[in-house]
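Spelled out, the chains give:
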Amino acid sequence: MKTIDLSVKIGKLKLKNPILLASGTVGYGNEMSDFIDLNILGGIITKSISLKPRKGNKPQRIVETSAGMLNAIGLANVGLEEFINEKIPFLAKYDVPIICNIAASSIEEYVECVKSLDSENTIKAFEINVSCPNVKEGGLQFGNNLTMVGKITERVRAVTDKTLIIKLSPNVSYISEFAKICKENGADAVSAINTLVGTAFNINTRKPKLSNIFGGLSGPAIKPIALAKVLEIHLSVDIPIIGVGGIMNWQDIIEFMIVGAAAIQLGTLNFIDPTASVSILKGLYNYCSERNIESISKLTGSYILE
Amino acid sequence: MLIISSPVVELSEIQKGIFLQKIKSPEIAKEILPGQFLNIKVSEGFSPLLRRPFSICDVEDDNIFLMFNIFGEGTRILACKHKGDLINILGPLGKGFNFDADFDLAVFIAGGLGAAPFPFLFRKLKNQKNIISFVGGKTKSEVIKYNIPNYSVATEDGSEGFKGNVIELFEQEIKNHLSKKIKIFACGPNGMLKALSDSVKKLNNFGYNLTCEISTESAMACGFGICQGCPIQDANNPDHYHLICKDGPVFNVNDVVL
Ligand SMILES: Cc1cc2nc3c(=O)[nH]c(=O)nc-3n(C[C@H](O)[C@H](O)[C@H](O)COP(=O)(O)OP(=O)(O)OC[C@H]3O[C@@H](n4cnc5c(N)ncnc54)[C@H](O)[C@@H]3O)c2cc1C
Ligand SMILES: Cc1cc2nc3c(=O)[nH]c(=O)nc-3n(C[C@H](O)[C@H](O)[C@H](O)COP(=O)(O)O)c2cc1C
Ligand code: FES
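Residues numbered from 1 in each chain as written. Chains lettered and ligands numbered in written order. Predicted model: local features only at pLDDT ≥ 70, side-chain atom pairs only at ≥ 80, totals over all residues. Heavy atoms only, no water.

> Whenever I open this one, the site of ligand 2 confuses me. Can you help?
Surrounding ligand 2, one finds 24 residues, the nearest of these being A:Ser23, A:Ser48, A:Lys167, A:Gly246 and A:Thr268. Near ligand 2, the surrounding residues belong to chains A and B. At 2.9 Å from an oxygen atom of ligand 2 is found a side-chain nitrogen or oxygen belonging to A:Lys47. A:Ser48 places a side-chain nitrogen or oxygen 2.8 Å from a nitrogen atom of ligand 2. In isolation ligand 2 offers 610 Å² of accessible surface; the protein chains occlude 98% of this area. Looking at side-chain class alone, the shell around ligand 2 contains eight nonpolar, 14 polar and two charged residues. (Near = heavy atom within 4 Å. Polar contact = N/O pair within 3.5 Å; in protein donor to acceptor, adjacent residues only side chain to side chain. Areas by Shrake-Rupley, 256 points an atom, 1.4 Å probe, with all protein chains shown as cover. Nonpolar A, V, L, I, M, F, W, Y, C, P; charged D, E, K, R; others polar.)

Below, the structure is given as structure tokens:
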């Protein structure tokens, strides 16, 4: 076997491979650990945490669509205190970088969450969710407001030296403008993309299928959009990009890296095949090995446009 | 919890439109308990995208059984599997019926396809407890009695048995048994479970002590607790939802709001 270096870097953060599990699709790791050795992963991004526990939206929260699914979970989460006391101790047992995703309804709440978590050694980076489409306050109100995203980045940057990632919304005209403002305010990387706003109606009752009416679309249906957003950022902003959206296999990962992703996240795929990363890692290795690519990070932004 | 590809042994149509799929899966057969479920990937690729949840219908030696009707795309694909085709199964999932508990009479209540989990529960209880069952449907052809013991039938249109819904039938019949220590196991549409819940509460308010477990349903993305897609209101805490896939699908009727 050749040695292929699958490791990648996101800011100060070194990952043993580019595979991260996306926020909201791995819980806090414990259920996934029944299926795979978490240590094989590049990293785990925990479910969005808010200062106080959130109950989330009423059922129905999930609708399957063509090649995708809508979710309107509403950021249901255990809140900061239980996260620290109950969830971190479990994750601390693993030798895998934990990236803590934070959602909030005010700048102060983001800052307070990051401050309270900054001393936790298990947490290696923060991913700031400014792009959840399923909550009334925060979420997209922030995600499509350039000034707000800039401010949140600046204020959070001021309270942590850990790697800071801003998770961007695709529900904007020019995502690269948001990536730029993140960079200017000190972010180490951006994740692209969160889910796209969508809905589905029952034609018999004429009622929405989701209690929240609108939800976030994820899965293979959004991959072309996610790829385009990653490429758009890569073409104009010099910042590490974590690609996410519709990845179902190793080929999709290579494609994301070619258009500019330094690392990627698996989301909806975890629901269908929580063991997917095992075969995906083999696929990535073989692709590099067959083409004499010594380090997978060389693929990032290796597109040829003419 | 396992993810395993297991071969179809046979598919039979136990009554018009109702299929029983026998799958050889010693690993699942060994672990699974009545009331638990399996999340099935019906096709090789990602169309349809999500797995489909099915109750464990029965277990016999190395074989497991699923009972389903053709509801949409996923169940149509499942019904077209041939002998030897592999089915990708994730499970066993969830918390099943608590059938070791202390009771003299087990009461099974099944609405339509809610009959699915009872053959396996019957297998576990048959040499230990007395069982009576109530099965119902809108009309005769919807009533499923497959491996359900000692049953009475209710149909809403009166085409078979009692005319009315299965809970009305239960209310009428249970009066003859109230001196016993009763445990009810129920599975069916939400409306039926709600009516049952009201009925049990009413009886218990009169001083009886019926225990009742219900098997609930919801749309699910993962089936094992990571997506938060399957909430049901916690009856004891207004600020909390249980997850049907992980905390259920079987709940004590007092623990959830239907
Ligand atoms: C714990 C549990 C146990 C079940 N046991 C059985 C069983 O033993 N036999 C049986 O025939 N059916 C059972 N069902 C229902 C079964 O999962 C659906 O009939 C099946 O998903 C239909 O798939 P389809 O592709 O044929 O239908 P489609 O309508 O094409 O697709 C079903 C879609 O509906 C969504 N959905 C919305 N509401 C629900 C809901 N309440 N339950 C399930 N899916 C929903 C699903 O997410 C899925 O994407 C069970 C459901 C649950 C949750
Ligand atoms: C059920 C569900 C819950 C999610 N919850 C969160 C969340 O809490 N925070 C967040 O930043 N993103 C959340 N996401 C978005 C994912 O992290 C990811 O960005 C998106 O699903 C696109 O990737 P995919 O197509 O691979 O799933 C959620 C997605 C799904 C499907
Ligand atoms: S179906 Fe995913 S948490 Fe229950």
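Now that the structure has been shown, the text picks up again.
> Which parts of the structure should I look at to understand the sheet that holds strand S6 (residues 68–71) of chain A?
Picture the strands of a sheet paired through backbone hydrogen bonds; they go either parallel or antiparallel. All names here are of chain A. Strands sit in the order S5-S6-S12-S11 across an open sheet of four strands; the sheet is antiparallel. Strands with a single pairing partner mark the edges of an open sheet, and in this sheet they are strand S5 (62–65) and strand S11 (196–199). Strand-to-strand twist in this sheet, taken as the mean axis angle between neighbours without regard to direction, amounts to 40°. (Pairing = 2+ DSSP bridges. Helix = DSSP H or I, 4+ residues; strand = E, 2+ residues; numbered from the N terminus. Axes fitted to C-alpha atoms, helices over the stretch in contact; angles between N-to-C directions.)

> When you look at the pairing of strand S12 (residues 214–218) of chain A in this model, what are you seeing that I'm missing?
The side chains of a regular strand alternate, first on one face of the sheet and then on the other. Residues and elements named next belong to chain A. Sheet topology places S6 next to S12; three bridges connect them, and they run antiparallel. Each bridged residue has a counterpart across the sheet, and for Met69 the counterpart in S12 is Ser218. Two strands pair when backbone bridges link them, and S11 and S12 are joined in this way by four bridges, in the antiparallel orientation. Across the sheet, Val197 pairs through a bridge with Gly216, a residue of S12.

> Got a minute to help me understand the packing of aromatic side chains in this structure?
Think of a pair of aromatic rings as described by two things: how far the centres are apart, and how the planes are tilted against each other in angle. Residues and elements named next belong to chain A. Using the criterion set out here, one finds 13 aromatic pairs over all chains in the structure. Here Tyr28 and Phe83 contribute two aromatic rings whose centre-to-centre distance is 5.8 Å and whose plane-to-plane angle is 50°, an arrangement assigned as tilted. With Tyr28 in the loop between strand S3 (19–21) and strand S4 (43–45) and Phe83 in helix H1 (residues 79–91), this pair connects stretches of sequence that are 55 residues apart. The same class applies to Tyr28 and to Phe83, which are both buried. Seen in terms of ring centroids, Tyr110 and Phe142 are 6.0 Å apart; in terms of plane orientation they differ by 50°. Their pairing is tilted. (Phe/Tyr/Trp six-rings, centres within 6.5 Å; stacked < 30°, edge-to-face > 60°. Buried < 20%, exposed > 50% of the residue type's maximum accessible area, 1.4 Å probe, protein only.)

> In this structure, what is going on with the packing of H1(A) against helix H2 (residues 107–117) of chain A? I would like to understand it.
Each packed pair of helices is defined by two parameters, the angle between the axes and the distance between the axes. All names here are of chain A. One can describe the packing of H1 onto H2 by two numbers: an axis separation of 11 Å at closest approach and a directional angle of 30°. It follows that H1 is roughly parallel to H2 by the angle criterion. The handedness of the crossing between H1 and H2 comes out as right-handed. Between H1, through Leu80, Phe83, Ile84 and Ile88, and H2, the contact on the second element is made entirely by Cys113, Ser116 and Leu117. Residues of the contact of H1 with H2, tallied by class, amount to six nonpolar, one polar and no charged. (Parallel < 35°, antiparallel > 145°, perpendicular 65-115°, else oblique. Left-handed = near helix turned anticlockwise from the far one by under 90°. Contact = heavy atoms within 4.5 Å.)

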